[in-house]
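Here is what each chain is made of, one letter per residue.
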Amino acid sequence: MDAGYCGRCSSSCKTDIRLPSFEVMPRISVLFGVTVDCLLCRGQALSGHLCPQRPGGPGGLRYDGNPETTISLFERKVVGFMRQSKICNDYVMVTSKGNFTYRMRRQLQCAAYVLLGAKRISKIYYRISMGRPLHLVNPQTFTEKITWYKLFYCPENERIIQCSDKYAVRSFLENLNLGNYLSELVGVWDTPEEIDWDALPDKFALKDSNGCGHNIICRDKSHLDKGRAKALLRLWQRTHFGRYYAEPHYDMGEKRILCEKYIESAHFLPTDYKIHCMNGDPKILQVCQDRNLTTKRFVYYDVEGHPLNFGKYPQKSDLEIEPELLVDMVRICRIIAPHFPYVRIDFFVNHGKLQIGELTFTPSAGLKPDLNYGDGDRKMGEMLDISGLLAGNG
């Protein structure tokens with residue numbers, strides 16, 4: 001079969017869905033054991049517009065009620081993409097990527113993790129992302145130390161496993177008398193089928209409790225496709241997020257869905273203030289601007305709001321924020337930080353009130369190439385002392 005032509009309709013039909021070129025499809029078909037049909041035929045069927053007669057096969061899943069029509073494992077991934085892309089509109093946003101290439105990469109990452117193991121695959125990712133070998137015996141830079149931390153310390157620490165869970169962390173913070181800084185919890189469920197959608201407020205955020213970026217942000221419930229939302233939540237619950245970049249502590253908690261009150265902002269996603277705390281002290285303030293699916297700008301300051309000269313977007317002026325809010329952030333960090341060798345504490349501002357977003361222990365899985373600019377990786381590495389952990393692990 002010539003590349004670019006459908007094995008079922010023998011045409012070079014096209015689709016507006018962003019998918020790999022037909023040149024790579026034969027290799028994908030060998031990997032997943034499916035025929036190389038054009039994605040227009042599949043896409044139309046999966047979206048419910050057409051229903052081509054596909055013979056049943058091992059592992060097939062019916063998608064239209066016709067016993068002669070099934071969907072393969074490969075096509076199931078396309079379904080997930082289409083459900084995610086179709087749920088988004090002017091009032092609903094999904095914070096994880098949903099294109100086909102991204103989903104295929106995630107599947108291959110999970111396979112690589114299982115085949116190669118956490119340590120070996122981490123070395124590969126580090127070489128690709130940071131452009132240099134990973135040193136785990138005597139880590140010196142910030143990213144090397146975080147990679148060591150995620151491989152050897154976090155999976156063995158029950159408190160980190162608890163606090164990586166967006167729901168379980170609430171009890172930890174409440175015990176520190178910080179419950180008034182948590183976002184308002186609407187509900188928590190084990191499965192999407194338990195959600196009473198009619199009881200949800202008009203604006204809310206649905207989150208997967210374990211992982212990063214698995215959020216459905218809704219500003220008007222009347223524009224939410226509940227069926228596709230439930231399908232997406234089910235997909236996230238089946239996901240082993242910790243296998244993507246070898247962060248096994250994320251897969252050790254209980255899978256749940258939580259709903260929080262919507263954080264009002266001029267945009268879908270408010271500015272994110274992240275404070276890196278090392279050895280019990282807040283050290284670096286990282287501000288995440290332009291938070292959307294295609295562009296993020298990380299700007300670094302000290303904890304007094306003065307700009308630092310590392311990162312891709314160094315600033316010359318101080319951070320623009322109410323001084324009282326910055327002082328309160330640092331105060332909260334001094335309460336939380338002594339419980340961990342390293343933790344990053346994320347904050348949002350909602351109607352002038354400070355809220356804790358989450359606690360993160362392995363930022364970007366230890367892969368932060370933006371810190372190569374301005375020697376930030378080395379400078380932050382000097383701030384984080386894990387010599388005691390290294391000695392204990394030896």
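S.K.: How would you summarise the side chain of Glu247 if you had to cite specific residues and measurements?
M.R.: In this fold, Glu247 is placed in the loop between helix 9 (226-237) and strand 7 (257-261). No salt bridge forms around the buried Glu247; measuring N to O, its nearest opposite-charge neighbour Lys150 is 6.0 Å away.

S.K.: Describe in detail unusual backbone geometry, supporting the description with residues and values.
M.R.: Within the chain, Ala246 stands out as a residue other than glycine whose phi angle is a positive 55°. The buried category is assigned to Ala246, whose relative accessible area is 0%. Of note in the backbone geometry, His351 takes a positive phi value of approximately 55° without being a glycine. As for its position among the elements, His351 is in the loop between strand 11 (342-350) and strand 12 (353-360). Residue His351 is classed as exposed on the basis of its relative accessible area, which comes to 70%.

S.K.: Break down the packing of aromatic side chains for me, citing the residues and quoting the values.
M.R.: Summed over the entire model, instances satisfying the criterion amount to 10 aromatic pairs. Between the aromatic rings of Phe241 and Tyr250, the centroid separation amounts to 5.2 Å while the plane-to-plane angle is 85°, which identifies the pairing as edge-to-face. You'll find Phe241 and Tyr250 in the same group, each marked buried. The structure contains a cluster of three or more aromatic residues connected by ring pairs, namely Phe142, Tyr149, Tyr153 and Tyr342. Seen from the ring of Phe298, Lys368 lies directly overhead, with NZ or CZ sitting 4.9 Å from the centre.

S.K.: Just give me the short version of helix 11 (residues 376-383), but keep the residues and values in it.
M.R.: Along helix 11, the residues classified as buried are Gly376, Asp377, Met380 and Gly381. Projected down its long axis, helix 11 carries its buried residues within an arc of 130°, all on one side.

S.K.: Describe in detail the environment of Lys226, supporting the description with residues and values.
M.R.: With respect to the helices and strands, Lys226 occurs in helix 9. Residues Lys226 and Trp197, 29 residues apart in the sequence, show an inter-C-alpha distance of 7.7 Å.

S.K.: Lay out helix 6 (residues 142-153) with the relevant residues and their values.
M.R.: For helix 6, spanning 12 residues, the distance from its first C-alpha to its last is 15 Å, which sits close to the expected 16 Å at 1.5 Å a residue. In terms of burial, helix 6 is a largely internal element, 10 of the 12 residues being buried. Of all the residues in helix 6, the buried ones are Phe142, Thr143, Glu144, Lys145, Ile146, Thr147, Trp148, Tyr149, Lys150 and Leu151. In the core, the buried residues of helix 6 are packed alongside helix 5 (118-130), helix 7 (158-163), strand 8 (272-278), strand 11, helix 11 and helix 12 (387-393).

S.K.: Tell me what's going on with the side chain of Glu144, and back it up with residues and numbers.
M.R.: One can find Glu144 in helix 6. The buried charged residue Glu144 lacks any salt bridge, with Arg132 as its nearest oppositely charged partner at 4.9 Å. For Glu144, the side chain forms a polar contact with the main-chain nitrogen of His135, separated by 3.5 Å. In contact with Glu144, other than residues within four places in its own chain, are Tyr126, Pro133, Leu134, His135, Leu136 and Pro139.

S.K.: Please provide a residue-by-residue account of a nonpolar patch on the surface, values included.
M.R.: On the surface, Leu115, Leu116, Ile124 and Ile128 cluster together into a nonpolar patch covering about 410 Å² of accessible area. Contributing elements (two or more residues each) for the nonpolar patch: helix 4 (100-116) and helix 5. Topologically, Leu116 is positioned in helix 4. Residue classification places Leu116 among the partly exposed residues on the basis of a relative accessible area of 34%.

S.K.: So, the packing of helix 5 against helix 6: which residues are in play, and what are the values?
M.R.: Where helix 5 contacts helix 6, the axes come no closer than 11 Å and their chain directions differ by 160°. Classified by the interaxial angle, the pair formed by helix 5 and helix 6 is roughly antiparallel. In the packing of helix 5 onto helix 6, the handedness of the crossing is right-handed. Contact residues: helix 5 offers Ala118, Lys119, Ser122, Tyr126 and Met130, while helix 6 offers Thr143, Glu144, Thr147, Lys150, Leu151 and Phe152. Across the contact of helix 5 with helix 6, the residue classes tally to 5 nonpolar, 3 polar and 3 charged.

What counts, and at which threshold
- Residues numbered from 1 in each chain as written.
- Predicted model: local features only at pLDDT ≥ 70, side-chain atom pairs only at ≥ 80, totals over all residues.
- Heavy atoms only, no water.
- Helix = DSSP H or I, 4+ residues; strand = E, 2+ residues; numbered from the N terminus.
- Buried < 20%, exposed > 50% of the residue type's maximum accessible area, 1.4 Å probe, protein only.
- Lys, Arg positive; Asp, Glu negative; His and termini not counted.
- Salt bridge = Lys/Arg side-chain N within 4 Å of Asp/Glu carboxyl O.
- Phe/Tyr/Trp six-rings, centres within 6.5 Å; stacked < 30°, edge-to-face > 60°.
- Lys NZ or Arg CZ within 6 Å of the ring centre and 35° of its normal.
- Arc of directions from axis to C-beta.
- Expected span 1.5 Å × (residues − 1).
- Contact = heavy atoms within 4.5 Å.
- Polar contact = N/O pair within 3.5 Å; in protein donor to acceptor, adjacent residues only side chain to side chain.
- Patch = residues over 30% accessible without salt bridge, like charges linked within 9 Å, V, L, I, M, F, W, Y side chains within 5 Å.
- Areas by Shrake-Rupley, 256 points an atom, 1.4 Å probe, with all protein chains shown as cover.
- Axes fitted to C-alpha atoms, helices over the stretch in contact; angles between N-to-C directions.
- Parallel < 35°, antiparallel > 145°, perpendicular 65-115°, else oblique.
- Left-handed = near helix turned anticlockwise from the far one by under 90°.
- Nonpolar A, V, L, I, M, F, W, Y, C, P; charged D, E, K, R; others polar.

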